[in-house]
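These are the residues of each chain, in order.
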Amino acid sequence: MLEVRLFATLRQGREKVYHLDAAGFPNGTAILEYLHIPREEVAIFLRNGFHSPTATALTDGDIVAIFPPTGGG
């Protein structure tokens, strides 16, 4: 099972946390496609707390956190 956590604007119209069968999601790109999140809307992709490319292979038990670009003044 993968735990996928979404943050900030990525939560709009979506759940905060998803639990997905690891067998169906070999990498982060598959998660983005499943959740209909365009790649350009992702600024930070973390696998088990470490920055990772979305193409990085995922394994059962991984925790994925996805953040959009943020701005501030």
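Details of the structure are given in the entry above.
So, here is what we can say about the structure in this document. (Residues numbered from 1 in each chain as written. Predicted model: local features only at pLDDT ≥ 70, side-chain atom pairs only at ≥ 80, totals over all residues. Heavy atoms only, no water.)

By way of backbone hydrogen bonds, the strands of a sheet pair with one another, either parallel or antiparallel. Pairing in this open sheet of five strands is mixed, and the strands run β2-β1-β5-β3-β4 from one edge to the other. Here the strands that pair on one side only, and so sit at the sheet edges, are β2 (17–20) and β4 (50–51). (Pairing = 2+ DSSP bridges. Helix = DSSP H or I, 4+ residues; strand = E, 2+ residues; numbered from the N terminus.)

The next thing to look at is the packing of aromatic side chains. A full pass over the atoms with the stated rule returns two aromatic pairs. Summarising the aromatic geometry, the rings of Phe 7 and Phe 67 are spaced 4.2 Å apart at their centres and angled 10° between planes, so their arrangement reads as stacked. Remark: Phe 67 occurs in strand β5 (residues 63–67) and Phe 7 occurs in the loop between β1 (2–6) and β2; sequence separation between them is 60 residues. On the numbers, 5.2 Å between centres and 75° between planes, the contact of Phe 25 with Tyr 34 is edge-to-face. Classification of Phe 25 by relative accessible area gives buried; the value is 11%. (Phe/Tyr/Trp six-rings, centres within 6.5 Å; stacked < 30°, edge-to-face > 60°. Buried < 20%, exposed > 50% of the residue type's maximum accessible area, 1.4 Å probe, protein only.)

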